[in-house]
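Understanding the architecture of this molecule
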Amino acid sequence: HYFRVCFLDPFQGTVLANYAFKELGARTAYCLAELGNDYDVGLCHYFQQAFEAMGGMVISDTFPTGNSDFTSYLSNATAIGAEVFFCPVSIAYSSQIISQAAGQNVSYPILGSDTLDNNKVAEAAKGTNVKVIITTFYQEGVNADFDAAIKAWIDSDATAKTNNGGDNKLSAVTVMGYDAYCVALEAIKTADSADPAAVLAALPNATWEGITGSISFNDIGDANRDSAVVKKCNTETADWDFVTVAKVS
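Just so it is clear, the model here is predicted, and its values are computed rather than measured.

**Thoughts on the side chain of Asp-114**
With respect to the secondary-structure elements, Asp-114 resides in the loop between strand 4 (110-112) and helix 5 (119-125). No salt bridge is formed by the buried Asp-114; the nearest opposite charge belongs to Arg-225, separated by 10 Å. Within polar-contact distance, the side chain of Asp-114 engages the side chain of Gln-12 at 2.9 Å. Engagement of the side chain of Asp-114 in a polar contact is seen with the side chain of Tyr-39, the distance being 3.1 Å. Sequence-distant contacts of Asp-114, defined by excluding residues within four places in its chain, comprise Phe-7, Gln-12, Tyr-39, Thr-135, Thr-136, Phe-137 and Val-173.

Rendered as structure tokens:
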């Protein structure tokens, strides 16, 4: 059994495609995924599906695990006249892509999923002209009390601070982890027991007004979600700036 509080690939891929087509005015997109990585490939598939359904054109490509030179992929995107470059890849890969995109002085924005919502990725874009836009679960500053409390905890624990990239900036996955923990607590409270079977019986009906939004589950344990936060990297400060909340019915 599993219960997960994050939104899923079909939803996030569609949100990004809608934003690229409707808000950025893109009609040609280049998608890049790590070969064999189900997360990357899946998101690119759903992005392409939604983007083409609106009338856009997508060129999809993959790179081998361990690759560190993305210049040819960036050049390919430029050659086809791509207006967005979608790469829902890991922090390490996306940081390299952004740095190399800056070296090529690309004009198209780089789109990413929640995996890019990390201060290391923002640091890679700092001081460049690369536009980085992502979808994610939370924007720092939305809940000031929560932000202050978890930042105080990060600052008080050297290991936590190191694991957070050396500062106390909040990534959305940290906040999502907090909400997941609270959902589990709600199930335990409802079950009035820590017995695994009792908690499992309580989880399908567990609800939580979380930091990342209202959380409940569908009949297979996935979260009922209809919105994602869109934000862009501030290349002067290496912070993430809120853009909008995107919804898909």
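**A closer look at the nonpolar core**
When a protein is soluble and globular, its nonpolar side chains tend to lie buried together. Among the nonpolar cores identified, the biggest contains 44 residues, and Phe-47, Phe-51, Val-84, Phe-86, Leu-111, Val-183 and Leu-203 are the most heavily contacted of them. Elements with a minimum of two residues in this core: helix 1 (9-23), strand 1 (28-34), helix 2 (38-53), strand 3 (84-86), helix 6 (144-156), helix 8 (172-191), helix 9 (196-202) and strand 8 (227-234). The element contributing the most residues to this core is helix 1, with seven residues. Aside from chain neighbours lying at most four places away, what touches Leu-203 is Phe-3, Val-183, Ala-187 and Phe-217.

**Side note on the packing of helix 1 against helix 2**
The contact between helix 1 and helix 2 brings their axes to 8 Å, and the two run at 50°. As judged from the angle between their axes, helix 1 and helix 2 are oblique. For helix 1 against helix 2, the interelement crossing comes out right-handed. Judged by residue contacts, Asp-9, Pro-10, Gln-12, Gly-13, Thr-14, Leu-16, Ala-17, Ala-20 and Phe-21 of helix 1 engage Tyr-39, Leu-43, Tyr-46, Phe-47, Ala-50 and Phe-51 from helix 2. Tallied by class, residues from the contact of helix 1 with helix 2 come to eleven nonpolar, three polar and one charged.

**Some words on helix 8**
If you check helix 8, its first and last C-alpha atoms are 29 Å apart, about what 20 residues at 1.5 Å a residue would give, namely 28 Å. Once helix 8 ends, the next one or two residues include Asp-192, with phi positive near 55°.

**Some thoughts on a nonpolar patch on the surface**
Taken together, the side chains of Met-57, Ile-59 and Ile-80 present a nonpolar region at the surface, about 220 Å² in accessible area. Mapped onto the fold, Ile-80 is located in the loop between helix 3 (71-79) and strand 3. Take Ile-80: its relative accessible area is 31%, and that puts it in the partly exposed class.

**Thoughts on the state of the cysteines**
Per the counting criterion, the structure on display carries zero disulfides. Left without a disulfide partner, Cys-6 is nearest to the cysteine sulfur of Cys-182, which lies 16 Å away.

**Considering the pattern of salt bridges**
If you walk through the whole model with that rule in mind, you get six salt bridges. Residues Lys-161 and Asp-155 are paired through a salt bridge, measuring 3.3 Å at the closest nitrogen-oxygen approach. According to the relative accessible area criterion, Lys-161 is partly exposed, its value standing at 29%. For Asp-239, the salt bridge goes to Lys-169, with nearest N and O atoms at 3.3 Å. Of this pair, Asp-239 sits in strand 9 (residues 239-247) while Lys-169 sits in the loop between helix 7 (158-163) and helix 8, placing them 70 residues apart in sequence.

Rules used throughout
- Residue indices begin from 1 for each chain and proceed along its sequence in written order.
- For a predicted model such as this one, the threshold for reporting local features is a pLDDT of at least 70, and the threshold for listing and counting side-chain atom pairs is 80 or more; totals across whole chains, interfaces and linings nevertheless cover every residue.
- Processing note: side-chain calculations cover all non-hydrogen atoms of the structure and skip hydrogens and water entirely.
- Under the DSSP-based scheme used, a helix requires at least four consecutive residues in state H or I and a strand at least two consecutive residues in state E, with every element numbered from the N terminus.
- Burial here depends on accessible area, computed with a 1.4 Å probe over protein chains only, as a share of the maximum for the residue type. Under 20% is buried, over 50% is exposed, and the range in between is partly exposed.
- Positive charge is attributed to Lys and Arg, negative charge to Asp and Glu, and no charge count is given to His or to the chain ends.
- Definition used for salt bridges: Asp or Glu carboxyl oxygen within 4 Å of a side-chain nitrogen of Lys or Arg.
- By the criterion applied in these results, polar contacts are pairs of N or O atoms within 3.5 Å in which, for protein atoms, one can donate a hydrogen and the other can accept it, and in which residues neighboring in sequence qualify only through two side-chain atoms.
- Any two residues whose heavy atoms approach within 4.5 Å are treated as being in contact.
- To qualify as a nonpolar core, a set must consist of buried Ala, Val, Leu, Ile, Met, Phe, Trp, Tyr and Cys residues joined through side-chain atoms within 4.5 Å.
- The axes used here are C-alpha line fits, helices contributing only the stretch in contact, and every angle between their N-to-C directions lies in the interval 0 to 180 degrees.
- Working definition: roughly parallel below 35 degrees, roughly antiparallel above 145 degrees, roughly perpendicular at 65 to 115 degrees, and oblique for all remaining angles.
- Handedness of a crossing is defined here by the sense of rotation of the near helix relative to the far one, left-handed for an anticlockwise turn of less than a right angle and right-handed for a clockwise turn.
- Classification used: nonpolar for Ala, Val, Leu, Ile, Met, Phe, Trp, Tyr, Cys and Pro, charged for Asp, Glu, Lys and Arg, polar for all others including Gly.
- A helix is expected to span 1.5 Å for every residue after the first.
- Note that patches include only residues with greater than 30% relative accessible area and no salt bridge, and the join distances are 9 Å for like charges and 5 Å for nonpolar side chains (Val, Leu, Ile, Met, Phe, Trp, Tyr).
- What sets the accessible areas is the Shrake-Rupley method with a 1.4 Å probe; for residues, cover comes only from the shown protein chains.
- The term disulfide is used for any two cysteine sulfur atoms that are within 2.5 Å.

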